[in-house]
Amino acid sequence: MKHQQLIEQLSLTQKAFLMSGASTWETVPYEALGIPAIFLADGPHGLRKQEGASDHLGLNASLKATCFPTAATVANSWDPELGAEIGRSLGAEARNNNVHVVLGPGLNIKRHPFCGRNFEYFSEDPYQAGKMAAAYTRGIQENGVVACPKHLAANSQETRRMTTDSIVDERTLREIYLTGFEIAVKEGQAKSVMTAYNRLNGVYANEDDWLLQEVLVKEWGFDGFVVSDWGGSNDHVMGVVAGSHLEMPTTGVNGAKELVDAVASGRLSESLLDQRVDELLSVVLATASNKERSQRTLEEHHEVAKKAARESIVLLKNQEVLPLKAKTTIGIIGDFAETPRYQGAGSSVVNPTQLDTTLEVIGAYDLDYRGFAKGYHRSFKEDQKLIDEAVTLAKQVDTVLLYVGLDEISESEGLDRTTLSLPDNQLALIKAISAVNSKVVAIISAGSVIDMAWDEEVQGILHGYLGGQAGPSAMLDVIVGQATPSGKLSETYPHDYRELPAARDYPSATNQTVYQEGPYIGYRYFETVQKAVKYPFGYGLSYTQFAYADLEISQTGISCLISNVGQYDGAEIVQLYVAKESELIYRPEKELKGFTKVFLKAGESQRIEIPFDDKTFRYYNVASQEWQVEPGEYQLLVGASVQDIRLSGSCQQKGQEVVLSYDVATIPHYFSGQVAQVTMAEFEILLGKEVRLLPFTKGQELFMNDSISQLVYAKSGAARVVYHILNGILKRSEKKGKPNLNILFIYNMTFTAVGKMTNGMANHEMMEAVVVMVNGRFWSGAGQLFGAFRRNRKLQKRGI
Ligand code: BGC
C-alpha cells in the first residue's frame, strides 16, 4: 500500500468515515494527519459549485461559471481536440474555485431518443462517445483536477432510474455500453469514475464487483477512485467490497457505522477497507496538493464556448438560402431568439458568466434587421395573435430567421420524453410563416432528436443543439457565412420513433429494462434493416463541397485525399466504417471505427489518415470471454455520413478461430438485424439465462428498492395519497414549463435512497418501517418507525 504509514494512524472508524462524503460535495478530512477534504462538483458542461448551503439539485444558486455547449452539442463537432479545450477550461475554472473533481463528462449511450438526459451525453455510438469523453477527461486533468466519466453503465433511462435493472447480454454490454468508458479510462486516464444508479443484470452498478474489479481495474487498468451517483449507493458494504470508494452525498454517521459493523461481523475485512482507503487517498492527496491557480480568464472561456458552439452547428438543409448576403432584410421570429434555450435541466445546470441572446447581438452583423416577433409561448399554450404578428413581419422581409425547438420541460434529468414532436404551437407557426415567405431558415435549439417531418416547409435548417452561453452569436456567425457549418449529427433522426426496436418498451413498463435489441441501436439498426431515416448518423451539410479520392489501405490504417471543391473555406468530418459478412458472428451492417476532421481552404486538398486501433476489427467472444478478431475479409467504408459512403476497399485479417456460445439457427433475428421481432427466447440465449419480468400490480407489496413513484400501487391508501400529491406537484410544474427537479428526484428515488439522502435524519431502519406502513401495516410500521427514529437520533448525536 502506498499510504500504509498514514493508514496505520487511522482508527477503524476514521477509515470507515473516509468512504462517505462529509457533506453534499466534500470528502472527510483529517487535517491533523495531513488528509484534506476534496470538493466534487458538477459538471459536464460548466462548473456548478453551489454558494452557501448545498442541496444537490440547486435550490441555492451556484457560482458563476462558463456555460459551454452540452455534450450532445459538442459531439456534433466530431473534434476531440475541441473537447479537450473545453475540458481544459472546465478544469481551470474548477482549479480556481477550489474544486478538485469535475463530475463529468457524461457518456451514456443514447439507446432511445426519449431519454431525458440525452442532451448531457455524446452519441449513440460508443467509439465516438469514448473519443470525445477521453478528450474532455484529458483536458480537465491537465489542470491537476480529476475528471469523473459517468454513469457506468447502461444508464439510458431516467424513469425509475434508481430502481431499473438494465438487462443486457455481455457482448452488447461490452461492445456498445462499455466501450466508451473503456476509451475514457484507458486513453483519458480518468482518475475517477461515477457508477450509475441502475442495476446491471440484477446487481447495482455501484456494488458490481465484476464491473468494478474485473473490467474497470483489471482489464482497463483503472487506478483512480469510484464514486456512487448521489444517493446511488445501495448497500454501502457491498459497494466497498466490490471496489467503490466513496458514497455521496454524506449519510451522517450511518455509512461509517455500516462499515464498522461489517468489519465486526466479518462481512468486510479490515485489510480490504485499508486497500480502498489507500486507493482513495492516492487521488485525494495528489489533487489536493496542487494549489497552483490557472491563468486562463473567463473571457477566454467565453470564446472557447463560442468556438465550441460554432464548430458543432449542423446544417441540415440549405436550398440556396444560406449564408445570408450582407444587408439582407431579415425578421427574427421565435421566443428562443429573445430567451435562448442553451442548456438542459438537472444537476448539470450552470449559472453562466454572461449570456448572449440573438436579439442583443444581431446589431453586430451586417444585416438589415426589421424586427422581432415572439411567435409562440414557451409553454404549449396556443395564441393566434402571436402567430398573426409573426406573419405580418414575415411578409415584410426577404428572409425569416425562425427560432424553434424544445423548451425547458421537454428534456430534463429525472424524466423521459414521451414525444419527439415540437409543440403544436410551434408547428402551427412554421406552417403559417412558410405560407407567406419562401426564404425561411429554421434555427433549432434542442438537446436531442426531434421529429423533423416539417422540414419540407422551410428552405434552410441549422441545428444548434444546446449551444451554451455563446450559442446565439456562434449561430449568427454561421448564418452570415463568417464561419462555414461543419458539424455532423451524432445520432440518427428516424421518421418515427416507433420504428426503433427499443421503443417496444421505453421507458420500461417494469423495473426491468430488457435490452432485447442487442447491439442494434441507432444507425446500427437502420442500416442493417435498410430502413430509411430522416437524417442519418454522421450527416451534416456545408456551404462548400468536398471530394474524396485515392483510398489507400495499409496494415495500420487508411488514408485518402480530401479536396475542398466548393467556394468556401470549411471543415469536413471523414468517417471510417467497418463491415464484415459473417455466418458465425451477427453484426450490424457497418460500425464506426474512426474519424477525423480536416479544415481546408476553398480549392485546397489534403491527404488524411485514419489509423486502425485495437477496436477496428474486434468483437467480444462470450464463449472464450475475450476480445477477438474473426478471420477473413473486412470492408473499409470511408464516407461523409453513415449513408454517404464515398470510398471503399477491403483488407484481410488473420484473427482467431471462432468458437460460439450459441447455435446460429436459434437466433435468426440477431443475424437479420430485425430485432423489432426478436423473441425473449432468442434474447435469453444471448443472455445465458431466463428473464422473469415482474409487472406492477395494484396493491402489490413494495420493497426497499422500489421507487417512490411506485407508491401509486401501494396497499396503503395514505401512501397512494402521498403519490398523488407528488404527482400533482409534478404536473403543475409541467404546466408551468419548468421541471421541479427536487420532486423529480424524489419521485425516482428508492426507499433505500431516501434513508441515505437526509444527512442522517432518516436511515435504513427507519425506511424499512416506512415500507411496512406503505404495505398497509400502519400501526406496526409506526411503532417500528418510532423505535428506529430514537435509535438513529441517539446514534447521530453520540456518533459511533
Ligand atoms: C446525477 C449526477 C450528478 C450528481 C451530483 C445526480 O443526480 O445523476 O450526474 O453528478 O447528481 O449532482
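Residues numbered from 1 in each chain as written. Predicted model: local features only at pLDDT ≥ 70, side-chain atom pairs only at ≥ 80, totals over all residues. Heavy atoms only, no water.

**Brief notes about the overall build of the chain**
Then, number 1: The helix and strand inventory of the chain stands at 24 helices and 26 strands.
Then, number 2: The dimensions of the chain, computed from C-alpha atoms along their principal axes, are 75 × 65 × 55 Å.
Then, number 3: Of all 800 residues assigned to the chain, the portion counted as buried reaches 64%.
Then, number 4: Considering only residue pairs separated by 6 or more positions, the chain has 76% of its internal contacts joining residues 24 or more positions apart.
Then, number 5: Carbon and sulfur atoms make up 51% of the accessible area of the chain, which totals about 28,700 Å².
Then, number 6: Charge separation in the chain, taken as the distance between the mean sites of 78 positive and 96 negative side-chain charges, equals 5 Å. (Helix = DSSP H or I, 4+ residues; strand = E, 2+ residues; numbered from the N terminus. Buried < 20%, exposed > 50% of the residue type's maximum accessible area, 1.4 Å probe, protein only. Contact = heavy atoms within 4.5 Å. Areas by Shrake-Rupley, 256 points an atom, 1.4 Å probe, with all protein chains shown as cover. Lys, Arg positive; Asp, Glu negative; His and termini not counted. Charge placed at Lys NZ, Arg CZ, Asp CG, Glu CD.)

**Notes on the environment of G46**
Then, number 1: Note that G46 resides in the loop between β1 (40–41) and β2 (64–65).
Then, number 2: As for G46 and E682, which are separated by 636 residues in sequence, their C-alpha atoms are 44 Å apart.
Then, number 3: The residues contacting G46, other than those within four sequence positions of it, are T66, F68, L90 and V350.

**Comments concerning the sheet that holds strand β11 (residues 329–333)**
Strand pairing within a sheet occurs via backbone hydrogen bonds; the two strands may be parallel or antiparallel.
Then, number 1: Here six strands make up an open sheet; going across it, the order is β10-β16-β15-β14-β11-β13 and the pairing mixed. Single-partner strands in this sheet number two, and they are β10 (314–318) and β13 (368–373). Shown here is a sheet whose adjacent strand axes are inclined to one another by a mean of 20 degrees, direction ignored.
Then, number 2: Sheet topology places strand β14 (residues 399–405) next to strand β15 (residues 440–445); six bridges connect them, and they run parallel. Bridging across to β15, L402 finds its partner in A442.
Then, number 3: Helix α14 (residues 384–396) rests against β11, β13 and β14 of the sheet, and its axis sits at about 165 degrees to β13.
Then, number 4: Sheet strands in contact with helix α15 (residues 424–436) are β11, β14 and β15, and its direction is about 170 degrees off that of β14. (Pairing = 2+ DSSP bridges. Axes fitted to C-alpha atoms, helices over the stretch in contact; angles between N-to-C directions.)

**Digging into the nonpolar core**
Then, number 1: Counting residues in each nonpolar core, the largest one holds 120 residues, and the members touching the most others are L40 and L152.
Then, number 2: Among residues more than four places away in sequence, those in contact with L152 are L178, F181, V193, M194, T195, A196, A205, L211, L212, L216 and W220.
Then, number 3: Grouped together as the second largest cluster of nonpolar side chains are 67 residues, F114, I313, V361 and V441 included. (Core = buried A, V, L, I, M, F, W, Y, C linked by side-chain atoms within 4.5 Å.)

**A look at a positive patch on the surface**
Then, number 1: Taken together, the side chains of R790, R793, K794, K797 and R798 make up a positively charged region of the molecular surface.
Then, number 2: Structurally, K794 is set in helix α24 (residues 778–798). (Patch = residues over 30% accessible without salt bridge, like charges linked within 9 Å, V, L, I, M, F, W, Y side chains within 5 Å. Salt bridge = Lys/Arg side-chain N within 4 Å of Asp/Glu carboxyl O.)

**Looking at the packing of aromatic side chains**
Then, number 1: For the structure on display, the rule yields 25 aromatic pairs.
Then, number 2: Judged by centre distance (5.3 Å) and plane angle (70 degrees), the rings of Y525 and F526 are edge-to-face.
Then, number 3: Accessibility expressed as a relative area gives 2% for Y525, which makes it buried.
Then, number 4: For the ring pair Y586 and F671, a centre distance of 5.7 Å and an interplane angle of 75 degrees mean the geometry is edge-to-face. Residue Y586 is located in the loop between β20 (570–579) and β21 (591–600), and its partner F671 is located in helix α18 (residues 668–672); the two are separated by 85 residues in the primary sequence.
Then, number 5: Put simply, the rings of W78, Y127, Y523, F537, Y577 and F595 touch in pairs and so form one group of aromatic residues.
Then, number 6: Geometry around F39 places K49 over its ring, the cationic atom sitting 4.6 Å from the centre.
Then, number 7: Between the NZ or CZ atom of R111 and the centre of the ring of Y515, over which it lies, the distance is 4.0 Å. (Phe/Tyr/Trp six-rings, centres within 6.5 Å; stacked < 30°, edge-to-face > 60°. Lys NZ or Arg CZ within 6 Å of the ring centre and 35° of its normal.)

**Section: the UniProt feature "domain: Fibronectin type III-like" (unreviewed entry) in the chain**
Then, number 1: Per the UniProt entry, the sites bearing "domain: Fibronectin type III-like" (unreviewed entry) are residues 572–642 in this numbering.
Then, number 2: Along residues 572–642, the helical share is 0% and the strand share 58%, with 14 Å between the first and last C-alpha atoms. (UniProt positions renumbered as here; feature names shortened; annotations may be inferred.)

**Concerning helix α19 (residues 680–687)**
Then, number 1: Within the sequence span of α19, burial applies to E682, F683, L686 and L687. The buried residues of α19 occupy an angular sector of 140 degrees when projected down its axis, which confines them to one face.
Then, number 2: Elements in contact with the buried residues of α19: β5 (165–167), β17 (512–514) and α18.
Then, number 3: Phi turns positive one or two residues past the end of α19, at G688, with a value near 80 degrees. (Arc of directions from axis to C-beta.)

**Let's talk about α15**
Then, number 1: Spanning 13 residues, α15 covers 19 Å between terminal C-alpha atoms, matching the ideal 18 Å at 1.5 Å per step.
Then, number 2: Inspection of α15 places N425, Q426, L429, I430 and I433 among the buried residues, and these make up the whole buried set. Buried positions in α15, seen along its axis, are confined to an arc of 140 degrees and lie on one side of it. Exposed and facing more than 90 degrees away from the buried side of α15 are D424, K431 and A435.
Then, number 3: Buried positions along α15 lie against β11, α12 (335–338), α14, β14 and β15. (Expected span 1.5 Å × (residues − 1).)

**Looking at the pairing of β11**
Then, number 1: In terms of burial, β11 is a largely internal element, five of the five residues being buried.
Then, number 2: The side-chain alternation of β11 yields two buried faces, one formed by T329, G331 and I333 and the other by I330 and I332.
Then, number 3: Pairing of β11 with β13, which is carried by four bridges, proceeds in the parallel orientation. If you follow I332 over to β13, its bridge partner there is F372.
Then, number 4: Relative to β14, β11 is paired through four bridges, and the arrangement is parallel. Paired with G331 across the two strands is V400, which belongs to β14.

**Quick notes on the sheet that holds strand β4 (residues 146–147)**
Then, number 1: The strand order β1-β3-β4 describes an open sheet built from three strands, whose pairing is parallel. Both outer strands of the open sheet, β1 and β4, are each paired with one neighbouring strand and no more.
Then, number 2: Alignment of β1 against strand β3 (residues 101–102), held across two bridges, turns out to be parallel. The residue bridging A41 from the neighbouring strand is V102, located in β3.

**Focus on the pairing of β10**
Then, number 1: With four of five residues buried, β10 is to be regarded as a mostly interior element.
Then, number 2: Here β10 pairs with strand β16 (residues 460–463) via four bridges, running antiparallel. Of the residues in β16, the one forming a bridge with L315 is L462.

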